[in-house]
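# Summary of structural features
Chain residues, written in single-letter form:
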Amino acid sequence: MQTKVAIVTGAGSGIGLATAKRLFDLDFAIVGVGRDAAKLTHLADELGKDSVEVVAIDVRSEDAPKRIVQATLDRFGAIHALVNNAGVGSPKPLHETDDDALDYFLDLMLRAPFRICREAIPHMLAGSSVVNVTSTFAHIGGRRGGAYSAAKGGLKSLTEHMACEYGPRGIRSNCVAPGVTMTDMVRHRFEDETFKRNTVETTPYPRLAEPEDMAATIAFLCSPGSEMINGQSIVVDGGWTNSKYLSPRATTTIWTDPV
């Protein structure tokens, strides 16, 4: 029987879908938020409609925070965990990013989670947890980061503020920072041999991350076992960020001058 309640944005696919399933297995009722109503309906059918509420909405919408939180309270009466996961990839460098792209990235991955947190926090009690999904690009400089890096770095700083502000009330706030993760949004990029090499040959672990790896870390941060973790960012990338690893293949490749 589900005894707790979790809101998960971007729940229709990828990390959000894996997280909803993992939290459900840990006795959370799920409020799945996303733009694709059909995917959310499939999630509810799979997990059981008695323990799943779906809110099909673009989290950037002005009424999204109120609708999400109100739907949660109307259905389940409480909020024990909030996972802000909705996002996009494929950014461009700063000099190639126009204002429309800048606004889109910031609205989706900084303004939206800010507003959802602001709406949810008053209804969260001691023992509750907020997990904001950021990125390795919130920790290091990366090529082509642009507005994506700005949004994810801002979300990390927001999370640290929330930990300080609401931690005394027993509400913990943390980040999970995924490295390259084999979601549908990312998988096609491995058709680009340069992207593939830059990822595989610099990761000191024999496989790349799957959505379930992120879900396991997020679920841990929503569990009693993480009670003393607050204001932290857990990077889940197989060691890519904190090492200067090059595979044997990379170190024995003949270097050529760029054309």
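As shown above, the structure is provided for reference.
Remember, it's a predicted structure, so these values are computed and weren't measured experimentally.

### What to know about a negative patch on the surface
- Together, Asp 98, Asp 99, Asp 100, Asp 103 and Asp 107 make up a negatively charged patch on the protein surface.
- Looking at the element boundaries, Asp 103 is found in helix α4 (residues 99–120).
- The exposure class assigned to Asp 103 is partly exposed, which follows from its relative accessible area of 42%.

### Structural notes on the packing of aromatic side chains
- For the structure shown, the criterion picks out two aromatic pairs.
- Consider the rings of Tyr 104 and Phe 105, whose centres lie 6.1 Å apart with planes at 90 degrees: the pair is edge-to-face.
- Looking at Tyr 104, the relative accessible area reads 26%, which means it is partly exposed.
- With 6.3 Å between their ring centres and 75 degrees between their planes, Phe 137 and Tyr 148 make a pair best called edge-to-face. One end of the pair, Phe 137, is in the loop between β5 (129–133) and α5 (146–166); the other, Tyr 148, is in helix α5, and eleven residues separate them in sequence.

### Let's talk about helix α8 (residues 211–221)
- Those residues of α8 that fall on the buried side of the exposure criterion are Pro 211, Met 214, Ala 215, Thr 217, Ile 218, Ala 219 and Leu 221.
- The elements touched by buried residues of α8 are α1 (14–25), β4 (81–84), β5, β6 (172–178) and β7 (233–236).

### Describing empty space enclosed by the protein
- A complete count under the given rule lists one cavity of 30 Å³ or more for this structure.
- Thr 9, Asn 84, Ala 86, Leu 108 and Pro 113 are the residues nearest the centre of the largest cavity, which is lined by 13 residues in total.
- Within the residue set of the lining of the largest cavity, elements represented by two or more residues are α4 and α5.
- Split by residue class, the lining of the largest cavity holds nine nonpolar, three polar and one charged.

### Notes on α1
- Taking 1.5 Å as the rise per residue, α1 with twelve residues should run 16 Å; its terminal C-alpha atoms sit 17 Å apart, in good agreement.
- Within α1 the residues assigned to the buried category are Ile 15, Gly 16, Ala 18, Thr 19, Ala 20, Leu 23 and Phe 24.
- Its buried side turned inward, α1 meets β1 (4–9), β2 (28–34), α2 (37–47), β4, β6 and α8.
- Directly beyond the C-terminal end of α1, a positive phi value near 75 degrees is found at Asp 27.

### Looking at the nonpolar core
- Within the largest apolar cluster, 34 residues are counted, with the highest numbers of intra-cluster contacts made by Val 33, Val 59, Ile 68, Leu 82 and Met 124.
- It is α4 that provides the largest number of residues to this core, a total of seven residues.
- With sequence-adjacent residues up to four places away left out, Val 59 is seen in contact with Thr 9, Val 33, Ala 64, Ile 68, Ala 86, Leu 108, Ala 112 and Ile 116.
- Listed in part, the 26 residues of the second largest apolar core include Val 8, Ala 20, Val 83 and Val 176.

### Digging into the packing of α1 against α8
- Contact pair α1 / α8: the axes reach a minimum separation of 8 Å and the direction vectors enclose 50 degrees. When the axis of α1 is compared with that of α8, the two are oblique. Where α1 crosses over α8, the handedness of that crossing is right-handed. Mapping the contact onto sequence places Gly 14, Ile 15, Ala 18, Thr 19, Arg 22 and Leu 23 in α1 and Pro 211, Glu 212, Met 214, Ala 215, Ala 216, Ile 218 and Ala 219 in α8.
- Its residues placed into classes, the contact of α1 with α8 shows nine nonpolar, two polar and two charged.

### Here's the deal with the side chain of Asp 237
- By the element assignment, Asp 237 lies in the loop between β7 and α9 (248–252).
- The charged side chain of Asp 237 is buried without a salt bridge, its nearest counter-charge being Arg 207 at 11 Å.
- Within the structure, Asp 237 has its side chain in polar contact with the side chain of Thr 241 (distance 2.5 Å).
- Those residues within four positions of Asp 237 in sequence are excluded, and the remaining contacts are Thr 136, Gly 179 and Thr 203.

### Structural notes on the side chain of Asn 132
- Among the secondary structure elements, Asn 132 is positioned in strand β5.
- Setting aside residues up to four positions removed in sequence, Asn 132 forms contacts with Asn 84, Cys 117, Leu 155, Thr 159, Met 162, Asn 174, Cys 175 and Val 176.

### Focus: the packing of α4 against α5
- Running from N to C, α4 and α5 point in directions that differ by 15 degrees, and their axes come no closer than 8 Å. For the element pair α4 / α5, the angle class is roughly parallel. Pair α4 / α5 crosses with right-handed handedness. Between α4 and α5, the residues in contact are Ala 101, Leu 102, Phe 105, Leu 106, Met 109, Leu 110, Pro 113, Phe 114 and Cys 117 and Ala 147, Tyr 148, Ala 150, Ala 151, Lys 152, Gly 154, Leu 155, Leu 158 and Met 162, respectively.

Each value, and the rule that gives it
The numbering scheme is per chain: residues are counted from 1 as the chain's sequence reads. In keeping with the predicted nature of the model, local features appear solely for residues at pLDDT of at least 70, side-chain atom pairs appear and are counted solely at 80 or more, and the whole-chain, interface and lining totals rest on all residues. To get the side-chain values, take all heavy atoms of the structure and skip hydrogens and water. Patches in this entry comprise residues that are over 30% relatively accessible and not in a salt bridge; like charges within 9 Å are linked, as are nonpolar side chains (Val, Leu, Ile, Met, Phe, Trp, Tyr) within 5 Å. The Shrake-Rupley method, run with a 1.4 Å probe, gives the accessible areas here. Residue values count only the displayed protein chains as cover. Take a side-chain nitrogen of Lys or Arg and a carboxyl oxygen of Asp or Glu: if they are within 4 Å of each other, that pair is a salt bridge. This count recognises Lys and Arg as positive and Asp and Glu as negative, with His and chain-terminal groups excluded. For charged residues, the charge sits on one atom: NZ in Lys, CZ in Arg, CG in Asp, CD in Glu. Numbering of helices and strands runs from the N terminus, with a helix taken as a DSSP run of H or I at least four residues long and a strand as a DSSP run of E at least two residues long. Accessibility here uses a 1.4 Å probe with only protein chains present; expressed as a share of the type maximum, an area under 20% marks a residue as buried, one over 50% as exposed, and anything in between as partly exposed. Pairing of aromatic side chains requires ring centres within 6.5 Å, counting the rings of Phe and Tyr and the six-membered ring of Trp. Pairs whose planes differ by under 30 degrees are stacked, by over 60 edge-to-face, and all others tilted. Contacts were defined at the residue level, with two residues in contact if any of their heavy atoms lie within 4.5 Å. Definitions used throughout: a 1 Å grid over protein atoms alone; a cavity as a set of points that fits a 1.4 Å probe which cannot get out; a pocket as an open set with protein on both sides within 12 Å along at least five of seven lines; a lining residue as one with an atom within 4 Å of a point. Grid points are joined across faces, edges and corners, and a volume is the space filled by probe spheres set on the points. Each residue receives one of three labels: charged for Asp, Glu, Lys and Arg, nonpolar for Ala, Val, Leu, Ile, Met, Phe, Trp, Tyr, Cys and Pro, and polar for the others, Gly being one of them. Given the number of residues in a helix, its expected span is that number minus one, multiplied by 1.5 Å. Only buried residues count toward a nonpolar core, which is a set of Ala, Val, Leu, Ile, Met, Phe, Trp, Tyr and Cys residues joined through side-chain atoms within 4.5 Å. Lines fitted to C-alpha atoms define the axes here, with helix axes fitted over just the stretch in contact, and angles between the N-to-C directions of these axes take values from 0 to 180 degrees. By definition in this entry, angles of less than 35 degrees are roughly parallel, angles greater than 145 are roughly antiparallel, angles of 65 to 115 are roughly perpendicular, and the rest are oblique. Definitions for this section: a left-handed crossing has its near helix turned counterclockwise from the far helix by less than a right angle. A right-handed crossing has that turn clockwise. We define a polar contact as two N or O atoms separated by no more than 3.5 Å, with the added condition that, inside protein, one atom must be a possible hydrogen donor and the other a possible acceptor, whereas residues neighbouring each other in sequence contribute only through side-chain atom pairs.

Limitation: the analysis is restricted to geometry and does not speak to function.
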